[in-house]
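# Coordinate inspection notes
Spelled out, the chains give:
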Amino acid sequence: FVMLRFGPTARLLTIIVSLFNMSIFMLAEFTTIGGLFQDFVGSVNSPIIIVVGVLTTAYTAYGGLLVSIVTDQVQATFSLLILLIVTITVAATFRQDLPENFGELEELLGPNTSGYSAIFVMPLS
């Protein structure tokens, strides 16, 4: 579309911006995976980053966009399931009494403008 509408220069600029954006996204994703591996296993994070990168590239190259969409749907399903389990667990087991003299912050415990703003803004972001 960009090539037909705006010409080859705009197409090249769109490609460069898209590749830069995806590179930042993939770098953040691989860094997070490597950090989790390092925190939980206690090893260096570069091997797992390389393995995940190669496997992701291989199954996407083999299966194309459809495989990528399916794996994203599976990840979303498991993430929502874990979120539901954690929410139920916290709601059922978290009981903590507030201190007697909470001070000037006590009025912030109830409904207020900041809370309603957060409820509105967080899902939109």
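Placed above this text is the structure.
Residues numbered from 1 in each chain as written. Predicted model: local features only at pLDDT ≥ 70, side-chain atom pairs only at ≥ 80, totals over all residues. Heavy atoms only, no water.

### Looking at the overall build of the chain
- Summing up its helical and strand segments, the chain has 4 helices and 0 strands in all.
- When the helices and strands of the chain are placed in sequence order, the string is α-α-α-α.
- For the chain, the exposed surface amounts to about 11,000 Å²; the carbon and sulfur share of it is 71%. (Helix = DSSP H or I, 4+ residues; strand = E, 2+ residues; numbered from the N terminus. Areas by Shrake-Rupley, 256 points an atom, 1.4 Å probe, with all protein chains shown as cover.)

### A short note on a nonpolar patch on the surface
- Among the surface-exposed residues, Leu-66, Val-70, Val-74, Phe-78, Leu-81, Leu-84, Ile-85 and Ile-88 lie close enough to one another that they form a single nonpolar patch of about 770 Å² accessible area.
- Within the secondary structure, Val-70 is located in helix 3 (residues 46–93). (Patch = residues over 30% accessible without salt bridge, like charges linked within 9 Å, V, L, I, M, F, W, Y side chains within 5 Å. Salt bridge = Lys/Arg side-chain N within 4 Å of Asp/Glu carboxyl O.)

### Some thoughts on the environment of Leu-4
- Note on placement: Leu-4 falls in helix 1 (residues 2–6).
- Along the chain, Leu-4 and Asp-39 lie 35 residues apart, while their C-alpha atoms are 49 Å from each other.

### Quick look at the packing of helix 2 (residues 8–41) against helix 3
- Contact pair helix 2 / helix 3: the axes reach a minimum separation of 8 Å and the direction vectors enclose 135°. By the angle between their axes, helix 2 is oblique relative to helix 3. Here helix 2 runs over helix 3; the crossing is right-handed. Each of Phe-30, Ile-33, Gly-34 and Phe-37 in helix 2 lies in contact with helix 3, whose residues at this interface are Ile-48, Ile-49, Val-52 and Gly-53.
- A per-class count over the contact of helix 2 with helix 3 returns 6 nonpolar, 2 polar and no charged. (Axes fitted to C-alpha atoms, helices over the stretch in contact; angles between N-to-C directions. Parallel < 35°, antiparallel > 145°, perpendicular 65-115°, else oblique. Left-handed = near helix turned anticlockwise from the far one by under 90°. Contact = heavy atoms within 4.5 Å. Nonpolar A, V, L, I, M, F, W, Y, C, P; charged D, E, K, R; others polar.)

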